Amino acid sequence: MRTALAVVAMLMHVWLGAPVRAAETASATRAEVSGDHLRTTFRLDLSAGVTAEIYTLANPYRVIVDLPDVAFHLPDGTGQETHGLVRTFRYGLFAERKARVVLDTTGPVRIERAAMTAKPDGKGIVFAFDMVTTDPASFGTGTGAGKAAEATAAPPPPPAEPPKADALRPDGKAVIMIDPGHGGIDGGAVSASGLLEKEVVLAAAAELERQLAATGRYDVHMTRTSDVFVSLDQRLKLSAAQGVDLFVSLHADSLSEQHGAQVVRGATIYTLSERASDEQARRMAEKENASDLIAGINVVDGEGDEEVKSILFDLMTRETANFSADFSNVLVRKLKSATSLAREPQRAAAFKVLKQSHAPSVLIELGYLSNPEDEKLLKSPEWRKKIAASITAAVDAYFAKRTAASPGP
Ligand SMILES: [Zn+2]
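This write-up is about the structure you can find in this document. (Residues numbered from 1 in each chain as written. Predicted model: local features only at pLDDT ≥ 70, side-chain atom pairs only at ≥ 80, totals over all residues.)

Re the pairing of strand E9 (residues 125-133)
Pairing between strand E2 (residues 39-46) and E9: eight bridges, direction antiparallel. When the bridges of E9 are listed, Thr40 appears paired with Met131. Two strands pair when backbone bridges link them, and strand E8 (residues 109-118) and E9 are joined in this way by eight bridges, in the antiparallel orientation. Residue pairing across strands places Ala115 opposite Ala128, the latter belonging to E9. (Pairing = 2+ DSSP bridges. Helix = DSSP H or I, 4+ residues; strand = E, 2+ residues; numbered from the N terminus.)

Quick look at the structure:
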């Protein structure tokens, strides 16, 4: 893989003379896959040359292309069709000023003929490479894992003080982390009309942040405030660094036809449990936990942070789990008046983002993008206001109860 990378970088300099300055943003206007199941070509048209890095990952087989700050202006539906060795591909911001394309391949591939060439008319650059079939043995496993880990190793903000449950903060405010799921290259679930989970949950999170902050009672943080990918590890680290008192992850689900896409609707609240409460909850956690895979992080042999790895179930105190259950109970009561709930609105499963030893945490699936009525609600600003108000009311009730229960000074 490294040979291919060197070729890309070298050719870029040959053709463009000088590398693009850091402040400049290239835009991608066209992406295309051509060829057959023996040799497939990926082509990306760029407004300017950039340094691209290509590598492959196994489990499942993927090709990752890392680019600097590239803005994607591609037609809707780009990357959805299977062609040759490429099942589908997706693109977007992976981190701040880092873009990424992830191609899901039908099997192990080798990269060949990677190049950035100026278009004959001088208007823009064509970045292209070939994928050819190879056998699993020569593909190896975890190719490029080190690189993938490096790309995600954004340093978390240093903890101001060691997090301590129920520590009295200088301003007496409880710290709340709102966690809009997905983002950037990881779009999450998608509705029939193309509405993306990452957009819906970010809008809902922004409204919830506004309402919580407006009470003056909480110190509110978000794991992301823009359309950028944040890994599950990073979300956990952000929560740990802030020593949060409550962690609320927002998502929206989507079901396939065979699982009742048209009829199943409503909000569901998930808490952490090693054993899923039911099959649907187990599937849900599996889907949400795949976020890192979707963004091209090698989860299987990924060099995860030891600190995060050590946050295991056995470290999670019973108290934290009880507080999570308390919040889920009050939440389901408040949400009921704002929106329709799923038939079993309280479920549990092994969501990675909820594996927090210190912070009571819940994951709210706001509704189903696969259900036409829910989709209408999910994109309505009025509904967002209503749902944020009911979550805020639940937060108020939860902390009021905790304050009342704690022994006085
Ligand atoms: Zn989600």
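So, unusual backbone geometry
Look at the link from Asn59 to Pro60: it is a cis peptide, with omega at -5°. Mapped onto the secondary structure, Pro60 falls in the loop between strand E3 (53-57) and strand E4 (62-68). Although it is not a glycine, Asn59 adopts a positive phi angle of roughly 55°. Even without being glycine, His182 reaches a positive phi, approximately 60°.

Structural notes on the sheet that holds strand E7 (residues 98-105)
The strands that make up a sheet are held in pairs by hydrogen bonds between backbone atoms, and each pair lies either parallel or antiparallel. Spatial strand order, E3-E4-E7-E6: four strands in an open sheet with antiparallel pairing. The strands lining the two open edges of the sheet, one partner per strand, are E3 and strand E6 (86-95). Strand after strand, the sheet turns through a mean of 20° between neighbouring axes, direction not considered. As defined by bridge partners, E4 adjoins E7 across seven bridges and the pair is classed as antiparallel. Within E7, the position partnered with Val63 by the bridge is Leu103. (Axes fitted to C-alpha atoms, helices over the stretch in contact; angles between N-to-C directions.)

Comments concerning the sheet that holds E2
Spatial ordering of the open sheet is given by E5-E1-E2-E9-E8, a layout of five strands whose pairing is mixed. What marks the edges here is a single partner per strand, and that holds for strand E5 (70-72) and E8. Averaged over all neighbouring strand pairs, the angle between strand axes comes to 30°, with direction disregarded. Examined bridge by bridge, strand E1 (residues 26-35) and E5 share three bridges and lie parallel to one another. When the bridges of E5 are listed, Ser27 appears paired with Ala71.

Quick word on the packing of helix H4 (residues 197-214) against helix H11 (residues 381-405)
The N-to-C vectors of H4 and H11 enclose an angle of 50°; their axes lie 9 Å apart at closest approach. With respect to H11, the element H4 is oriented oblique. For the element pair H4 and H11, the recorded crossing hand is right-handed. Where H4 approaches H11, its residues Ala203, Ala204, Glu207, Leu208, Gln211 and Leu212 are matched on the opposing element by Arg384, Lys385, Ile387, Ala388, Ala389, Ile391, Thr392 and Val395. For the contact of H4 with H11, the class distribution of residues is nine nonpolar, two polar and three charged. (Parallel < 35°, antiparallel > 145°, perpendicular 65-115°, else oblique. Left-handed = near helix turned anticlockwise from the far one by under 90°. Contact = placed C-beta atoms within 7 Å. Nonpolar A, V, L, I, M, F, W, Y, C, P; charged D, E, K, R; others polar.)

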